[in-house]
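# Coordinates in review
The residues making up each chain are set out below.
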Amino acid sequence: MTAARRTLLTGALGLAGLGALTACGGGSRAVGPRSAVVASTEASRHARGQVSTSMRAAPTTVDLGGVVVDTWAFGTAIPGPTLRVGAGQVLRVDVRNDLPTDTSVHWHGIRLRNDMDGVPMMTQDAIRPGGAFRYEFTAPNPGTYFFHPHVGVQLDRGLYGVLVVEDPHEPSRYDDEWVLVLDDWVDGTGRTPDDVLAGLTAGSSASDGGSSGGHGMGGMMGGSTSGMGGMASGGMGGMSGGGDVVYPHYLVNGRVPSDPDVLHARPGDRIRLRVVNAASDTVFRLSLAGHRLTVTHSDGWPVEPVEGDALLIAMGERYDLLATLGDGAFPLTAIPEGKDGQALALLRTASGAPGIPATAAATSGTVLSLESLRPLAGTTLGERSTDRTHDLVLSGSMNPYRWAINGRSFPDTDPLEVRSSERVSLAVSNMSMMVHPFHLHGHTFSVRGSGVRKDTVLLRPMQRLVLDLDADNPGQWAAHCHNAYHAETGMMTTLGYVT
């Protein structure tokens, strides 16, 4: 692939590329991000006040707990700031770019106005070095969200933070609230994410390029690939496809397991855990030693409370959990699926050693996932017939390293044309032996069969899911795999509104 093809969202084409991205036929006209209908949709959201802040993206040095790295971040800590806004309020964030390259901020999971979505070449021009951009939008739905760049593989650096949209009417059912951000980390350890991408696209081994892949999709459908190192297997219930990259570190709240983040509470406290998987290539299995976890929200939407021993959480997903803490010190462990290592935090309600195992298994008992969830009453889409269906086939290969939707790699993918007020179904099939967290910008969808509302959903190898949505947020929206390396090498398309 050429450098231009690999650099997925650098903004090199600018908004002038919008016509190529929509490719509408039959005289249809694309609804652009700066159109009157986008402004009108935003105005209809009835803002209830405003929260203003600023952020600066810049190179910095970060201590991950005895591991000191040079990286890029919003500020001087990993993760970046946790922003809080009330549902229905306007969030205004002035972002300055002091990086040596273009950047942007995508507000992951928010049903916001199109021109604030932070996708260069699709919704805005990239923020140039030394430049600035004001993001201003109404946050309509409560929930746990996060923000990150949508340029290259910058997500795999330290450029991310959490956005909490608070529900003023939600009854308090807990004594305290903690934000937990999971991540896989390579930047500043002798390699950068760009080095990893170069190794993958060059077909190098795990030792010199960063790949852990070996079950590639040679010819786009199956078979094995030689010379790519050994892919970790056994993840996701024994299935292959746990990821492409070998990471030296896994983090909870920016800390390595040898010096973990320590969270303090009292015995018997009921704690709300807002968990975000900000990793670029890793699905985690999360557990809290000696405790059961109750899932209450998925991607911001409430679900019927369900209790389990561990939780599977894919890249880009967010889950809200409740846990009633015992008396002692307990490791909260995130095991990377199909990979070696672990991420760790420590929850302490009393003095004493926590007895942290060298490697926590987190495999016994009930493991919660999408299949475990049911929507809370009143959160489902209303019953109606489907106006339009799009089939999306996810495929790819490890050597050459290329990922595709319907056989094409972005920006050559065929856009998904929709019209306002339609009920749209996306029938997504994963025809590869890798897992793919599929993420849709600017919308939430209902997973057919369960009715659970989400914006990011994990597709296992050879799995098919039908995702129903209401086309109620006009503009041009990215739809892609939230593995940063898969998206950067082609697994992305556009959900484009037309008139």
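Residues numbered from 1 in each chain as written. Predicted model: local features only at pLDDT ≥ 70, side-chain atom pairs only at ≥ 80, totals over all residues. Heavy atoms only, no water.

## Quick look at the overall build of the chain
On a plain count of helices and strands, the chain comes out with 6 helices and 31 strands. Counting across all 499 residues of the chain, residues that qualify as buried make up 62%. For the chain, the share of sequence-separated contacts (at least 6 apart) that also reach a separation of at least 24 residues comes to 76%. Of the roughly 16900 Å² of accessible surface on the chain, 49% is carried by carbon and sulfur atoms. (Helix = DSSP H or I, 4+ residues; strand = E, 2+ residues; numbered from the N terminus. Buried < 20%, exposed > 50% of the residue type's maximum accessible area, 1.4 Å probe, protein only. Contact = heavy atoms within 4.5 Å. Areas by Shrake-Rupley, 256 points an atom, 1.4 Å probe, with all protein chains shown as cover.)

## Quick notes on the packing of aromatic side chains
If you walk through the whole model with that rule in mind, you get 8 aromatic pairs. Pairing Trp107 with Phe147 gives two aromatic rings, centres 5.3 Å apart and planes at 45°, and the pair type is tilted. One end of the pair, Trp107, is in strand 5 (residues 106–108); the other, Phe147, is in strand 7 (residues 143–148), with 40 residues separating them in the sequence. Summarising the burial analysis for this pair, Trp107 and Phe147 share the class buried. Through pairs of rings, three or more aromatic residues link up here, namely Phe74, Trp107, Phe133, Tyr135, Phe137 and Phe147. Between Arg157 and the ring centre of Trp72, over which it is positioned, the NZ or CZ distance is 3.8 Å. In this arrangement the basic side chain of Arg453 is found over the ring face of Trp301, its NZ or CZ atom lying 4.1 Å from the centre. (Phe/Tyr/Trp six-rings, centres within 6.5 Å; stacked < 30°, edge-to-face > 60°. Lys NZ or Arg CZ within 6 Å of the ring centre and 35° of its normal.)

## Brief notes about the nonpolar core
Ranked by internal contacts, the top residues of the largest apolar core, which has 121 residues, are Trp107, Leu163, Leu426 and Tyr485. Sorting elements by how many residues they give to this core places strand 9 (residues 176–185) first, with 6 residues. Apart from residues lying up to four places away in sequence, Leu426 is in contact with His390, Leu392, Leu416, Phe438, Leu440, Leu465, Val466, Leu467 and Leu469. One finds Val119, Met121, Phe410 and Met492 within the second-largest nonpolar core, a separate group that totals 6 residues. (Core = buried A, V, L, I, M, F, W, Y, C linked by side-chain atoms within 4.5 Å.)

## Here's the deal with the sheet that holds strand 27 (residues 453–454)
Strand-to-strand pairing in sheets goes through backbone hydrogen bonds, with the strands running parallel or antiparallel. Strand order in the open sheet made by the 6 strands is 22-21-24-29-26-27, with mixed pairing throughout. Each edge of the open sheet is held by one strand with a lone partner, namely strand 22 (401–405) and strand 27. Both strand 21 (residues 388–398) and strand 22 contribute to a ladder of 5 bridges, which runs antiparallel. Bridge pairing in strand 22 places Leu394 opposite Ile405. (Pairing = 2+ DSSP bridges.)

## A closer look at the pattern of salt bridges
Under the definition given, this model contains 33 salt bridges. As a salt-bridge pair, Asp115 and Arg113 come within 2.7 Å of each other at their nearest N and O atoms. As a salt-bridge pair, Arg408 and Asp414 come within 3.3 Å of each other at their nearest N and O atoms. Note on Asp414: relative accessible area 46%, which makes it partly exposed. (Salt bridge = Lys/Arg side-chain N within 4 Å of Asp/Glu carboxyl O.)

## A short note on the side chain of Thr41
Relative to the elements of secondary structure, Thr41 occurs in helix 3 (residues 36–43). Owing to a relative accessible area of 15%, Thr41 belongs among the buried residues under this scheme. For Thr41, the side chain forms a polar contact with the main-chain oxygen of Val37, separated by 2.8 Å. (Polar contact = N/O pair within 3.5 Å; in protein donor to acceptor, adjacent residues only side chain to side chain.)

## Topic: the pairing of strand 17 (residues 318–324)
Within strand 17, 6 of the 7 residues are buried, leaving the element largely enclosed by the surrounding structure. Here strand 12 (residues 270–277) pairs with strand 17 via 7 bridges, running antiparallel. Directly across from Arg270, in strand 17, lies its bridge partner Thr324. The sheet contact formed by strand 14 (residues 293–298) and strand 17 spans 4 bridges and is antiparallel.

## Looking at the confidence of the model for the chain
Per-residue confidence for the chain averages 88 on the pLDDT scale, and 85% of its residues sit at or above 70. Low pLDDT, under 50, characterises residues 1–17; the stretch is placed with 44 contacts to residues that sit more than four places away or in other chains. For the stretch residues 357–362, pLDDT sits under 50, and the model shows 12 contacts to residues farther than four places along the chain or on other chains. (pLDDT = per-residue confidence, 0-100.)

## Digging into helix 3
Among all positions of helix 3, only Val38, Thr41 and Glu42 are buried. Mapping the buried residues of helix 3 onto a view down its axis gives an arc of 100°, with all of them on the same face. Residues of helix 3 that are exposed and angled more than 90 degrees away from the buried face: Ala36 and Ala43. (Arc of directions from axis to C-beta.)

## What about the sheet that holds strand 2 (residues 68–74)?
An order of 2-1-4-6 is seen for the 4 strands of this open sheet, with the pairing classed as mixed. Only two strands of the sheet have a single partner each, and these edge strands are strand 2 and strand 6 (132–138). Direction aside, neighbouring strands of the sheet carry axes that sit 25° apart on average. Taken together, the 7 bridges between strand 4 (residues 90–97) and strand 6 define a ladder with antiparallel strand orientation. Bridge pairing in strand 6 places Val93 opposite Tyr135. (Axes fitted to C-alpha atoms, helices over the stretch in contact; angles between N-to-C directions.)

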